[in-house]
Each structure stands twice: as C-alpha cells, then as structure tokens.
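Fold and contact review
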Amino acid sequence: MVKIGVLVSGGGTNLQKLIDAQAAGTLKNGEISVVISSKDGVFALERAKKAGIEALALCRKDYPDVDIYSAALIDALKKRGIDLVVLAGFLTITGENFVRAFPNRILNIHPALLPSFGGKGYYGLHVHEAVLARGVKLTGATAHFVNEICDGGPIILQKAVEVKEGDTPEVLQKRVMEEAEWQILPQAVSLFCEGRLTVENNIVHIREAGEVKKRGGKIE
Ligand code: GAR
C-alpha cells in the first residue's frame, strides 16, 4: 500500500474527493494516512477527522522562514512513512528542501491548463480572475508532479473546461472543480499508487493497467 499524506489550506473539496475515492475502492493501492493543514481551523481538517484520518495543523505563521517550515513538514511526513505527498489546495510556498525530500513523489492539483496561468501569484480564485481577464475560451485543471519550478513540474493529467459568457471567478472556479479537478486528482493519485507513472526527461508516461514496468527504455 502506498501511504499518502495530503496537504491542505482551506475547504478541502479536493481532499473530500480523495476520501470518497478511497471509500469507493477507486484509489487503488493507496491509503490516506495523514492530512496536514498550513492553517488552523480549516474545514479540510474536519473532513479528515470525520473519515477517521489523522489530521493536524502545522501553521506557516509559527515558523520564521519557508525552509524551517518545510523541514517541519518533511519531519511530520517522514515520521509517518509517507510515500506520496498530495497538495490538495495547499496554498503555502515550500522550500527546495521539500522537493528534494520527495523527488517525483509530490503531486499537485492546479486550477488551469498549465503552462498557462501558473507560477507565483496564480493560486485559488486569482487563477480564474486572470483567465477571465485574458478572455481565453478554454481553461481547466492540471495534475502534475512538483519540482523546483513553481507549477513547472511534469504534467500527469489535464482536463479542459469551457469558459462561458457572464462567468464570474467564483462560477468558473466551481465549474473547473466539478468538471476537472475532482476527476483528475483522484485519477492521478490512483495511477501513482498503482505504479503506472514514470518520468523521463520531465515527461510523464502512463502505462496501461497490467502493462509491465518499463526497463531500459522499452516497455516489456
Ligand atoms: C482548488 O481549486 C485548487 O486547485 C487550488 O485551490 C483550490 C482549493 O480548494 N489550488 C491552487 O490554486 C494551487 N496553486 P479545496 O480546498 O476545496 O480543494
């Protein structure tokens, strides 16, 4: 079983979809072991507790800088033997030490089609505000591995969503969540846990279920 640690900062609807997938048996070979929030009192922690999952807050404001904060996160995750870290609406910047501690083992959900509308400052509602300000007609969500470049890691899954006339950032956010994020995040986590993802030169390859692991560049 792959032990999953989910990091959150807010309402936790993406976390809920992971919990639901686990209950439905569609999070194959994965188990959510802990949920950690960067803020106190967020609803995501209640969702975890209700599902019988260990829930704790490591508040960013209690640490002097990003590296010390990241070290505390690494410590909490390693202590629990976490294999995969999922950033499910985790809106706090982490240090390079965090990425180095879990190479290609941190998965993020981003509410746009990367590489558009990603990077510093593009989080939560701001992403949808920028999408509407630019007037693009298609947006969506991206599940990707996290590397040292903000929102620049290898892409695992993407799903497009239509932008409609009269959309507000809130309306668009809801549509992107319902039609894209809540679907591709549990799928990407399951693919990882099933051992079906490989990363070569920053590109993610997805094996068919049952296909034997790649060796020496060939699929066997
Ligand atoms: C989600 O839309 C997620 O994609 C976004 O924050 C929201 C959290 O909602 N994450 C980012 O913007 C990361 N850059 P949730 O707490 O209900 O899952």
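Here goes a summary of the coordinates provided.

About the thresholds
Residues numbered from 1 in each chain as written. Predicted model: local features only at pLDDT ≥ 70, side-chain atom pairs only at ≥ 80, totals over all residues. Heavy atoms only, no water. Near = heavy atom within 4 Å. Polar contact = N/O pair within 3.5 Å; in protein donor to acceptor, adjacent residues only side chain to side chain. Areas by Shrake-Rupley, 256 points an atom, 1.4 Å probe, with all protein chains shown as cover. Salt bridge = Lys/Arg side-chain N within 4 Å of Asp/Glu carboxyl O. Buried < 20%, exposed > 50% of the residue type's maximum accessible area, 1.4 Å probe, protein only. Helix = DSSP H or I, 4+ residues; strand = E, 2+ residues; numbered from the N terminus. Pairing = 2+ DSSP bridges.

1. Focus on the site of the ligand
Around the ligand sit 14 residues, and of these Gly 12, Thr 13, Asn 14, Gly 124 and Glu 181 come closest. Backbone polar atom of Gly 12 to an oxygen atom of the ligand: 2.8 Å apart, as the coordinates give it. Within the side chain of Asn 14, one N or O atom sits 2.9 Å away from an oxygen atom of the ligand. Relative to its unbound accessible surface of 450 Å², the ligand loses 91% to contact with the protein.

2. Considering the pattern of salt bridges
Scanning the model with the defined rule gives 8 salt bridges in all. For the salt bridge of Asp 62 with Lys 61, the shortest nitrogen-to-oxygen distance reads 3.7 Å. Accessibility expressed as a relative area gives 68% for Lys 61, which makes it exposed.

3. Considerations on the pairing of strand S4 (residues 84-87)
Burial along S4 is two-sided: the face carrying Leu 84 and Val 86 and the face carrying Val 85 and Leu 87 are both buried. Sheet topology places strand S1 (residues 2-8) next to S4; 4 bridges connect them, and they run parallel. Across the sheet, the residue bridging to Leu 7 is Leu 87, located in S4. Relative to strand S5 (residues 106-110), S4 is paired through 3 bridges, and the arrangement is parallel. Bridge pairing in S5 links Leu 87 to Asn 108.

4. Concerning unusual backbone geometry
Cis geometry marks the peptide bond from Leu 114 to Pro 115; its omega dihedral reads 10°. Along the chain, Pro 115 falls in the loop between S5 and helix H5 (125-134).

5. Details of the environment of Gly 25
For Gly 25, the position within the fold is in the loop between helix H1 (13-24) and strand S2 (30-37). The spacing of Gly 25 and Lys 137 is 112 residues in sequence and 35 Å in space, taken between C-alpha atoms.

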